[in-house]
Amino acid sequence: MGNVIIICIIIVCVIIGIRETVKHMKGQSACCGGTQGMSREKHKLEGKKLGDYTLKISDMKCENCEIRIENAICRSQPGLSARASHKKGRVIISFDREIDREKVKLAIQNAGYHVVE
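Calculation rules
- Residues numbered from 1 in each chain as written.
- Predicted model: local features only at pLDDT ≥ 70, side-chain atom pairs only at ≥ 80, totals over all residues.
- Heavy atoms only, no water.
- Core = buried A, V, L, I, M, F, W, Y, C linked by side-chain atoms within 4.5 Å.
- Buried < 20%, exposed > 50% of the residue type's maximum accessible area, 1.4 Å probe, protein only.
- Helix = DSSP H or I, 4+ residues; strand = E, 2+ residues; numbered from the N terminus.
- Contact = heavy atoms within 4.5 Å.
- Phe/Tyr/Trp six-rings, centres within 6.5 Å; stacked < 30°, edge-to-face > 60°.

**Student:** Quick rundown of the nonpolar core? Include the residues and the values.
**Tutor:** Counting 20 residues, the largest nonpolar core has Leu 55, Ile 57, Ile 69, Ile 73, Val 91, Ile 93 and Ile 108 as the members making the most contacts within it. Elements represented by at least two residues in this core include exactly β1 (51–58), α2 (63–76), β2 (80–85), β3 (90–95) and α3 (101–110). If sequence neighbours within four positions are ignored, Ile 108 has contacts with Leu 55, Ile 57, Ile 69, Ile 73, Tyr 113 and Val 115.

Structure (structure tokens):
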């Protein structure tokens, strides 16, 4: 009887583990420490949009990763707006003034992600 209970507990744990792994692989989990207190900051361009450019980013796994990257980019210097996609592995950065692209890359790296060149 004791063995049956232990086997049932192990089966339940395996099922839960597989379910969470599938969510993680689909980018639906909060893989980067949860989403508590994490939200997209509102970053609007102050002037007329001069252009945008795209960077490929590795290591994004979920929406929380997107939020971290967007916030890091927009805090790096004024005049930026960013929209990241973990599914596409990229971030689109819009700007309304001259910007230092190296500062943007450094902000992404400091947030724990890598720019793919």
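**Student:** I'd love a proper account of the environment of Leu 106, names of residues and values included.
**Tutor:** Position of Leu 106 among the secondary structure elements: in helix α3. Classification of Leu 106 by relative accessible area gives partly exposed; the value is 45%. For the pair Leu 106 and Ala 72, spaced 34 residues apart in sequence, the C-alpha separation works out to 9.4 Å.

**Student:** Go over the side chain of Ser 94, please, and point to the residues and values.
**Tutor:** Relative to the elements of secondary structure, Ser 94 occurs in strand β3. Ser 94 has contacts with Leu 45, Lys 49, Gly 51, Asp 52, Gly 79, Leu 80 and Ser 81, leaving out every residue within four places of it along the chain.

**Student:** Explain the packing of aromatic side chains residue by residue, including any values.
**Tutor:** What the rule picks out here adds up to one aromatic pair. An angle of 55 degrees between the planes, with centres 6.2 Å apart, marks the rings of Tyr 53 and Phe 95 as tilted. Placement of Tyr 53 in strand β1 and of Phe 95 in strand β3 is noted, with a sequence separation of 42 residues between them. In this pair, the class of Tyr 53 matches that of Phe 95, namely buried.

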